[in-house]
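Here's the letter readout for the chains.
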Amino acid sequence: MYPRREPLKPPQSIHITALGSYAPPRVVTNNDLSHMVDTSDAWIQSHTGIRERHIADDEELTSNLAYKAIEDLLASYNLEASHIDGIVCATATPDYPGFPSVACMIAEQFGITGPALDVSAGCTGFIYALEVARAMIATGSMKNALVVGAEKLSGVVDWNDRNTCVLFGDGAGCALLEFSDQEESGLIDTLLKAEAAGTKALTIHPEKHAIEMDGRAVYSFAVRTIGDTILALVERNNLNLESIDWIVPHQANRRIIQACSKRYGIPEEKFYMNIDRFANTSAASIPLALREMDRAGLLKKGQRILMVGFGAGLTYGGTLLTWTY
């Protein structure tokens, strides 16, 4: 009934071929937050680089955000959902605390019958999900995969905590990952790591159901692991920083990127940042940024792109790829 698929033979050329994104229309500015907690626009911008964030309505769930990002991808690239063979969804804010997965809810919504699973790796989730999908395509489990990062962080924020409520926003992004028999490279290399001794530095408290963070510990971890990941991927692929066209980091805090740039000698202009308009959207931040870059014409065929994430777990990792469309 189900035809057997043979694993792909080298060279395994797996590419991002389409992108989609969605951010809720409601925008909450720093000035709006200053009426809720003791903060100010000047303080938030100077400490984080954030000006505003998109916040979902109460009835919008993580799955709803994902649906709209996928609809954007399908409409923009004139694709049918039947083209999609499987789904890997990265999220820390699923609709249900256990099951069903957001990926299965996506599959139901779009009539997709292939593999569907969620990945939980905090703000590194999209990088982890890409590698899970790449490996499944490479072994023949799927011919392509929709990789989704979707978060409704407003639902797990303590809006009375001025240290955390200013940091987060809602949104979703997705990328279609496909095998190609062309020899040109797509995804080149991925590095995935975890420093699990830092599990308590960033959590969703089980009783309060709200984010709690050791800001100083997370800041130090992020600056170090972003730089280490970038240099490791560059060096082990016999490249140099000059050969990287764009670095697309998880959008957590502009000061983290600036500190990493200074410490590791990485030109700040190589980092694409949109945190000022979206804040920290966790697993959604990298695909949201990629989609925005694509719309602006910043991504061009042949460019080398390095995506890097870091977050709860504590997890971190990066993916190096050549843009091929």
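Residues numbered from 1 in each chain as written. Predicted model: local features only at pLDDT ≥ 70, side-chain atom pairs only at ≥ 80, totals over all residues. Heavy atoms only, no water.

> What is the right way to look at the environment of Val132 in this model?
Its place among the elements puts Val132 in helix H5 (residues 125-138). C-alpha separation for the pair Val132 and Val147, spaced 15 residues apart in sequence, amounts to 9.3 Å. With residues up to four places along the chain from it excluded, the contact list for Val132 reads Val88, Leu117 and Val119. (Helix = DSSP H or I, 4+ residues; strand = E, 2+ residues; numbered from the N terminus. Contact = heavy atoms within 4.5 Å.)

> When you look at the sheet that holds strand S7 (residues 170-180) in this model, what are you seeing that I'm missing?
Where strands meet in a sheet, backbone hydrogen bonds hold them as pairs that are either parallel or antiparallel. Here 5 strands make up an open sheet; going across it, the order is S1-S7-S6-S4-S5 and the pairing mixed. Whereas interior strands pair on both sides, the edge strands pair on one side only; in this sheet they are strand S1 (13-22) and strand S5 (116-119). Strand-to-strand twist in this sheet, taken as the mean axis angle between neighbours without regard to direction, amounts to 20°. Inspection of the sheet shows strand S6 (residues 144-152) paired to S7 by 9 bridges, in the antiparallel sense. Within S7, the residue paired with Gly149 across the bridge is Gly173. Packing against the sheet, helix H3 (residues 62-76) makes contact with S1, S6 and S7, and its axis sits at approximately 115° to S1. (Pairing = 2+ DSSP bridges. Axes fitted to C-alpha atoms, helices over the stretch in contact; angles between N-to-C directions.)

> Sorry, what's going on with the packing of H3 against helix H4 (residues 102-110) here?
When two helices pack together, their arrangement is given by the angle between their axes and by how far apart the axes lie. Relative to each other, H3 and H4 sit at 50°, their axes nearing to 10 Å. For the element pair H3 / H4, the angle class is oblique. In this structure, H3 crosses over H4, and the sense of that crossing is right-handed. Here H3 contributes Thr62, Ser63, Ala66, Tyr67, Ile70, Glu71 and Leu74 to the contact with H4, which in turn contributes Val102, Met105, Ile106, Gln109 and Phe110. Broken down by class, the residue content of the contact of H3 with H4 amounts to 8 nonpolar, 3 polar and 1 charged. (Parallel < 35°, antiparallel > 145°, perpendicular 65-115°, else oblique. Left-handed = near helix turned anticlockwise from the far one by under 90°. Nonpolar A, V, L, I, M, F, W, Y, C, P; charged D, E, K, R; others polar.)

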